[in-house]
Amino acid sequence: MFMTRQVIKCDENKDHPSESPLAKGGITGEEEKHDYQGAKMGMWMFLFTELLLFTGLFLLYSTFRSKYSQEFHAASAELNSAMGTFNTVILLSSSLTMALSISAIKEGKKHLSIMFQRLTIFLGLFFLVNKYFEWSAKIHHGIYPNSPELLQRGKGETIFFGLYYLLTGIHGLHVIAGIILLTVMMVLTKKDRINREVFIKLENSGLYWHLVDIIWVYLFPVFYLIS
Amino acid sequence: MTINSFYNTPGRHTGILSWILSTDHKRIGILYLTSMFSFFFVAVILGVLMRLELIAPGRTIMSATTYNAVFTVHGVIMIFLFIIPGIPAGLGNFIMPLQIGARDVAFPRINLMSWWFYISGALVILVSLFTGGGAPDTGWTFYVPYSIMTGTNVTLAVFGVFLLGISSTLTGINFVTTIHRLRAPGMKWFRMPLFVWSLYATGWVQILATPVLALTLLLLIAERLFGFGFFDPSKGGDPLMFEHLFWIYSHPAVYIMILPAMGAVTEIIPVFARRTIFGYKAIAFSSLAIAGAGYLVWGHHMFTSGMSDMARMVFSFLTFIVAIPSGIKVFNWVASLYKGSIELVSPLLFTITFIFLFSIGGLTGLINGALATNVFVHGTYFIVAHFHYTMFGGTAFAFFAALHFWFPKITGRMYRESLAIKAWIILFIGFNVLYFPMFILGLEGMPRRYYDYLPRFQPEQFISTVGSWILAAGLAIMFYNLISSIFRGEKAPGNPWGGSTLEWTTSSPPPHENFEDLPVVTGGPYRFGKKE
């Protein structure tokens, strides 16, 4: 039933071009560690789990918004939409620099790539600093989960600001995770572990960064622009 | 053990580190098996204590508060530490790469990381039992509002379960990628063993459902720490939201538990009936159908919680739909045995028991899934009996079957068949004596999770407790047999059962690289001629 690999390798290749890479006789031993398609596939599935996590949060948001649409409308007006817009621009620019760093490494321009990675990290930090000021201003006005001020304003606004802190908070944690990830990538690029030939780690980190960016693109309108 | 076995190839580290830092899928599989059976042992003891408390009305050996903690911890350990990782992470890790003719999984280091998440989650849960306000007493479902109000250590326990969720998701991603990318030359999709198909379906459920559990648990932690109010009506929240989010994961999770078990018995039946499986594609697609439809039936846990009639009817209808692919599988297993030349050895005895007990569990599931009867049995012992018949009688018996079946491959030794059959008889009797009276208790109106009961329930409660002793004795004999055989059993040949899937073509235990030469597959997985 089973023959050794050497005997049948050649005709198997011709017969089943659509099979897995092993069937094509493509990947063995050392090469398995650099299975580009496999790494990409795993990353996309991971991104999907992240997306599902936020789907649950958006489910919570939409249920409560349909219940308290008036209150959500009113509470949203209190958010600083200029600040939100500014942060959106920052994150979108960081996605650009992220993409540029990958293009640079693909052309073998190591230092350019590191420069763009550094820029991406800087923009991510900038985003967090803005977020910090935004949150502190709100907390200063007594608006935070379970605060007396908020409870007195009624159910709808309590839920709105609860969701605001929860969703932007979890998103913020993802930005921090992305910054840590990119810092590691920068070190790996410096050590030439990420290079012109092997750049899947940087590319996957880029995918993660874009995901964090896209989630913000949805968070921004549902909180800042519904008033 | 042969010289060229993975036991003799420790890799970079030595001693215990050669296990807990190994990226070899076989070593990781054994790490999972040993750790999860240790937790299983703890939960069995808790279960026996719980039954002992219920032997007579009133206080017997523990207080009501302790009883609440005991059934919660029994449930949390059995569900999250034993039966969810159970077959996929333990046996799946060891067997699946062998069955598709791969050298390892797609991401060996992430595989090791999954085990570390698993063991950290387990340790966090264990710590939560003895610190803070004491062991959680909410039941394994952590329902709000009680889980937010109770002073026990729910926050830490829930964080432990969150870590276990990460472990499960990563395993799912790893397995799906492995099955897509690392099949041996010629191993087309429809030449894969059905155990691999079931792990593939399970992998997708793990990927698609677990993030929702992670979110639900995060919300519960946030609620306890900051008091957002999402589940608190006085702050505008809704406790039903928790139940929805919880069951969106936890119902698909029962298919994470049962699908690999179904896959394992599908491997065992053809080998001991010595004929090909009946309806290969039907079994493969029914795994995917169960995974797909199982995602949409969570509402049947909430029929009495307050939902619109329309929603309840849709959820009830979909629940009946899930019974169809499950029924297809049962028919196919029985049809595979028909006219086979059956060898009635312990793995097959456990398998047939699985079919019998799982059928009882599955059919009583329809009684729970029908709206009118659900109102009658909801929250009674009937439910307890039903899920023990599916989870213990189903998954755990299939797990035992698979453990005996692959024992020679994993350890390189044979167990004592006569003792295995004795253990099987005792387990079968003990199981039914323990859980069947619960169906009757449930129909008579005994509510689940109650510490005390009316004297009229005493006869069934007493029989059930006696059953728990028989079952525990059976487990003790089975594990004594398996563990002592690791050291004293006869050496196993590469293919002791005459199996025809790839894992039997390599030596027992397999070498570090799994195969001397990567195999090339030229036909389906179940082809039997004369036994070698």
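The following paragraphs examine the structure supplied in this document.

The rules behind each value
Residues numbered from 1 in each chain as written. Chains lettered and ligands numbered in written order. Predicted model: local features only at pLDDT ≥ 70, side-chain atom pairs only at ≥ 80, totals over all residues. Heavy atoms only, no water. Helix = DSSP H or I, 4+ residues; strand = E, 2+ residues; numbered from the N terminus. Expected span 1.5 Å × (residues − 1). Salt bridge = Lys/Arg side-chain N within 4 Å of Asp/Glu carboxyl O. Buried < 20%, exposed > 50% of the residue type's maximum accessible area, 1.4 Å probe, protein only. 1 Å grid on protein atoms, 1.4 Å probe; cavity = no way out; pocket = protein on both sides within 12 Å on 5 of 7 lines; lining within 4 Å. Points joined across faces, edges and corners; volume = space filled by probe spheres on them. Contact = heavy atoms within 4.5 Å. Buried area = accessible area lost by both parts, 1.4 Å probe. Polar contact = N/O pair within 3.5 Å; in protein donor to acceptor, adjacent residues only side chain to side chain. Nonpolar A, V, L, I, M, F, W, Y, C, P; charged D, E, K, R; others polar. Axes fitted to C-alpha atoms, helices over the stretch in contact; angles between N-to-C directions. Parallel < 35°, antiparallel > 145°, perpendicular 65-115°, else oblique. Left-handed = near helix turned anticlockwise from the far one by under 90°.

1. Concerning helix H5 (residues 110-140) of chain A
Compared with the 45 Å implied by 1.5 Å per residue over 31 residues, the 45 Å span of H5(A) between its first and last C-alpha is a close match. Count one or two residues on from H5(A) and you reach Gly142(A), which has phi positive near 80°.

2. What about the pattern of salt bridges?
One pass over the structure, following the stated rule, counts 12 salt bridges over all chains. Residues Glu107(A) and Lys109(A) are paired through a salt bridge, measuring 3.1 Å at the closest nitrogen-oxygen approach. With relative accessibility at 48%, the residue Glu107(A) sits in the partly exposed group. For the salt bridge of Arg103(B) with Glu513(B), the shortest nitrogen-to-oxygen distance reads 3.6 Å. Remark: Glu513(B) occurs in the loop between helix H16 (458-488) and strand E1 (519-520) and Arg103(B) occurs in the loop between helix H4 (86-99) and helix H5 (108-130); sequence separation between them is 410 residues. Bridged by salt links that share partners, the residues Glu78(A), Glu149(A), Arg153(A) and Glu157(A) form one connected network.

3. Describing the layout of surface pockets
Residue and element names in this part refer to chain B. Counted as a void, the second largest pocket has a volume near 1,200 Å³. If you trace the second largest pocket, you find 43 residues lining it, with His251, His300, His301, Asn368 and His386 closest to the centre. Only helix H9 (239-273), helix H11 (309-337), helix H12 (346-369) and helix H14 (381-411) provide two or more residues apiece to the lining of the second largest pocket. Here the lining of the second largest pocket takes 9 residues from H12, the largest share from any one element.

4. Looking at the interface of chain B and chain A
On the side of chain A, 47 residues touch chain B, which itself brings 51 residues to the contact. Here chain B packs against chain A, burying approximately 4,200 Å² in sum over the two surfaces, 72% of which is carbon and sulfur. Put simply, Arg181(B) and Asp35(A) hold a salt bridge, and the shortest N to O gap is 2.9 Å. For the pair chain B and chain A, the number of links is 3 residue pairs in polar contact (both at pLDDT 80 or more). Sorting the residues of the side of chain B that touches chain A by element identifies helix H7 (154-181), helix H8 (194-226), H9 and E1 of chain B as the ones contributing at least two each. Classifying every residue of the side of chain B that touches chain A gives 29 nonpolar, 14 polar and 8 charged.

5. Some words on the packing of helix H2 (residues 25-53) of chain B against H5(B)
All names here are of chain B. Relative orientation of the contacting elements H2 and H5 amounts to 15°, with a least axis distance of 10 Å. Relative to H5, the element H2 is oriented roughly parallel. As for how H2 packs across H5, the hand of that crossing is left-handed. For the pair H2 and H5, contact is made by His25, Ile28, Leu31, Tyr32, Ser35, Met36 and Phe39 and by Pro108, Asn111, Leu112, Ser114, Trp115, Tyr118, Ile119, Ala122 and Leu126, respectively. Of the residues in the contact of H2 with H5, the class split is 12 nonpolar, 4 polar and no charged.

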